[in-house]
Amino acid sequence: MEKETGKIRNDIILAAAVLIIAAVWIAVSGRNTALSESAEIVVTRDDEEIFRKKASDTPLPYTFSVEGKNGGHNVFLIDENDDGELGLRCVEADCPDKICVETGRIHSAEQPIVCLPHRITARIIKKY
């Protein structure tokens with residue numbers, strides 16, 4: 001009987017440890033991908049930087065326009081959602097397919113917004 005009680009206690013300790021580790025991992029991974037105060041928004045056209053702005057220097061919401069290759073344009077918005085998370089989205093483009101607009105809001109450094117017809121790429125660059 002004592003062995004079973006010890007086994008149940010060990011199982012409870014193991015489950016609690018796994019839950020604590022999972023909670024810490026979720027908190028840390030969310031913080032690593034979110035757009036932080038030190039992050040920068042960088043927009044390139046044909047791999048040439050045409051716009052750079054620190055998130056901390058930006059009044060929110062902040063809208064800016066960039067000229068694409070061959071005269072087109074894209075309008076981007078840096079904003080904050082209800083949870084206070086900063087993000088970037090392309091809100092307007094005069095390209096034919098509008099994939100850049102359909103990409104929606106990005107909030108991590110891993111996902112760019114790309115407009116192939118205008119040869120524009122917008123990214124969040126993390127600064128640590």
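Just so we're clear, the structure is a prediction, and the values are computed from it rather than from any experiment. (Residues numbered from 1 in each chain as written. Predicted model: local features only at pLDDT ≥ 70, side-chain atom pairs only at ≥ 80, totals over all residues. Heavy atoms only, no water.)

This brings us to the packing of aromatic side chains. The way to describe two aromatic rings as a pair is by their centre distance and the angle between their planes. Using the criterion set out here, one finds three aromatic pairs in the structure. Plain terms: the ring middles of Phe51 and Phe64 are 3.8 Å apart, the flat faces sit at 5° to each other, and that makes the pair stacked. Placement of Phe51 in strand E2 (residues 48-54) and of Phe64 in strand E3 (residues 62-67) is noted, with a sequence separation of 13 residues between them. Residues Phe51 and Phe64 agree in their burial class; the two are buried. Between Phe64 and Phe76, the ring centres sit 5.5 Å apart and the planes meet at 20°, which makes this aromatic pair stacked. Here the residue Phe64 occupies a position in strand E3, and Phe76 occupies one in strand E4 (residues 73-80), the gap between them amounting to 12 residues. In terms of burial, Phe64 and Phe76 fall into one category: buried. (Phe/Tyr/Trp six-rings, centres within 6.5 Å; stacked < 30°, edge-to-face > 60°. Helix = DSSP H or I, 4+ residues; strand = E, 2+ residues; numbered from the N terminus. Buried < 20%, exposed > 50% of the residue type's maximum accessible area, 1.4 Å probe, protein only.)

With that out of the way, let us pick up unusual backbone geometry. The omega torsion across Leu60 and Pro61 is -10°, close enough to zero to call that bond cis. With respect to the helices and strands, the residue Pro61 is situated in the loop between E2 and E3. A positive phi angle is found at Asp46, which is not glycine, with a value near 50°. Inspection of the secondary structure assignment puts Asp46 in the loop between strand E1 (40-45) and E2. A positive phi angle, near 65°, is found at Asp47, a position not held by glycine. By the element assignment, Asp47 lies in the loop between E1 and E2.

Another aspect to go through is the side chain of Thr58. On the secondary structure map, Thr58 appears in the loop between E2 and E3. Given the relative accessible area of 9%, Thr58 is considered buried. Among the polar contacts listed, one links the side chain of Thr58 to the backbone oxygen of Lys54, at a separation of 2.8 Å. When residues no more than four places from it in sequence are discounted, the contact partners of Thr58 are Lys53 and Ile78. (Polar contact = N/O pair within 3.5 Å; in protein donor to acceptor, adjacent residues only side chain to side chain. Contact = heavy atoms within 4.5 Å.)

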